[in-house]
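Inside the fold
In case you want the letters, here they are:
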Amino acid sequence: MSDGPDDFDLIVLGLGPGGEEVAERMAEAGWSVLGIDSRLVGGECPYYGCIPSKMIIRGAEVLTDTKYVNDLAGTAQATPEYGKVAKRIRDEATDDWDDRVAVERFENLGGTFVRGLARLAGRADDGAIKVEVGDTTYTARHVVVGVGTAPAMPPIEGLADLERSVDGPVWTNREVMRSPIAPASLAVLGGGAIGIELSQALARFGAKVRVVEASDRILRVEEPEASAAVAEVLAREGLELHTNVRATGVSAGGEGVLVTLDDGSTVTGEKLLVAVGRRPNTLDLQLDTLGLEGDAHTLDVDDGMRVLHDGEPVDGLYSVGDSTGRGAFTHVAVWQARVLIARLLQRGDLYGGYHGVAWVTFSDPEVGRVGLTEQQARDKGLDVRTGSAQIPASTRGWIYGKGNDGLVKLVEDTDRGVLVGATVVSPHGGEILGMLTLAVHAEVPVSTLATMHYAYPTLHRTVLDAVRDLS
């Protein structure tokens, strides 16, 4: 297989959730594998994203639930202590942002790890792909690109002049996770999933939060009904939402940072959280050395995760995760990794398409979504009908009492009689979404959904009410 100390069967560029899965499983299968990453092995999710953010959200959820005790069960009063959340993130989730355990796990499986910034460097005489890290060149017949993304910093006047650090005035999701305290006030650029999750959670820990969103609504990729439901809850909890307005300047001032908006108004906060999207790390790879566009933000892949150029596979080059542009989700990256692993080891085909991709925004209420929105389905030319039902109108939603905001919305392709999309806004909405993800992925007939048994009284029984509303 490999010929020398710098020649491998497989090189994985970026050991985020997808890349790490490929590297570990292929090493476990006996391939010589080199994993390269300049940052923490495991990627954004365990250190700055999915896991620590949900620890903040869980703490905020518990604080809020105590407010309902007086109406439902007795008397209670809670005093926020963000330090407990920060300690849990540091000690339990991130090992104080140390990836030693992850590196050793990979190496114990037989893998070789190099910490550094990798660059593609064309091909060797035998056609193997060359990868450079510093002054060392490595080669492999198979190379997987899983370099992911980083927080984007928009070109707003004055933003680059302010320090981005835990102690500085400017934060991204990375600095939030490292902070030992919650700010007294927070200005937020971006009303997408990251911005809304962290805004609501930190507000529940006592921060005065002001969100700026350029679109006409928060969570703009979701159904309008979902955006409205979450916005109503946030306003009720005291968050300021400034929509359909853009930031034109950032400077020191006000409570710490002063943001000037294009309507002439300003918002301020002790900290400024920038949550306007992600920057693709593919821009650093020198893709042009393999005949690809050097400034490509994402890599097109086929159903075996082979990178395509002009519709044809690039020999030996694969990609998984954010780099493929199929959604910046850990579960998509790991699924792609398993599809690739099965292909490389000739163990069958696990590819199931992207029509049933699901995700959850962990606001309160949670927003779970699978497949297409109503507008996306119509834009594709589908003959569509929709059905919806309100969570508070369900028996379990009524029993739940305060905090029961939400709805279920279904999008049906009437020509085929199957769901092509669904949204659940609800307490534990991400868990309810599971049955709808199966329905969309497996193209279960709506007529079959109408004949199912739905346990009573449950929140997921609202799905039945929405199915009935389709008829």
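Above this text sits the structure in question.
So, a few notes on the structure that sits alongside this text. (Residues numbered from 1 in each chain as written. Predicted model: local features only at pLDDT ≥ 70, side-chain atom pairs only at ≥ 80, totals over all residues. Heavy atoms only, no water.)

1. Remarks on the packing of aromatic side chains
- Scanning all chains against the criterion turns up 6 aromatic pairs.
- With a centroid separation of 5.2 Å and an interplanar angle of 90°, the aromatic rings of Y82 and F205 are classed as edge-to-face. With Y82 in helix α5 (residues 82-93) and F205 in the loop between α8 (193-204) and β10 (208-213), this residue pair connects regions lying 123 residues apart in the sequence. One exposure class covers both Y82 and F205, and it is buried.
- Aromatic side chains W335 and Y354 sit 5.2 Å apart centroid to centroid with 80° between the ring planes, which places their arrangement in the edge-to-face category. Residue W335 is found in helix α10 (residues 330-344), and its partner Y354 is found in the loop between α10 and β19 (358-361); the two are separated by 19 residues along the sequence.
- Taken together, the aromatic side chains of W335, Y351 and Y354 make up a single cluster linked through ring pairs. (Phe/Tyr/Trp six-rings, centres within 6.5 Å; stacked < 30°, edge-to-face > 60°. Helix = DSSP H or I, 4+ residues; strand = E, 2+ residues; numbered from the N terminus. Buried < 20%, exposed > 50% of the residue type's maximum accessible area, 1.4 Å probe, protein only.)

2. Let's talk about the sheet that holds strand β22 (residues 407-413)
- Taken in spatial order, the 5 strands of this open sheet run β19-β20-β23-β22-β21, and their pairing is antiparallel. With partners counted over all chains shown, the strands left at the sheet margins are β19 and β21 (384-390), one partner each. This sheet shows a mean twist of 10° between the axes of neighbouring strands, independent of strand direction.
- Strand direction decides the pairing type here: β19 and strand β20 (residues 366-371), joined by 4 bridges, are antiparallel. (Pairing = 2+ DSSP bridges. Axes fitted to C-alpha atoms, helices over the stretch in contact; angles between N-to-C directions.)

3. What to know about the environment of A140
- Of note, A140 is situated in strand β6 (residues 136-145).
- Residues A140 and L436, 296 residues apart in the sequence, show an inter-C-alpha distance of 42 Å.
- Beyond its immediate stretch of four places on either side in the chain, A140 contacts D7, F8, D9, L10, I11, A128 and I129. (Contact = heavy atoms within 4.5 Å.)

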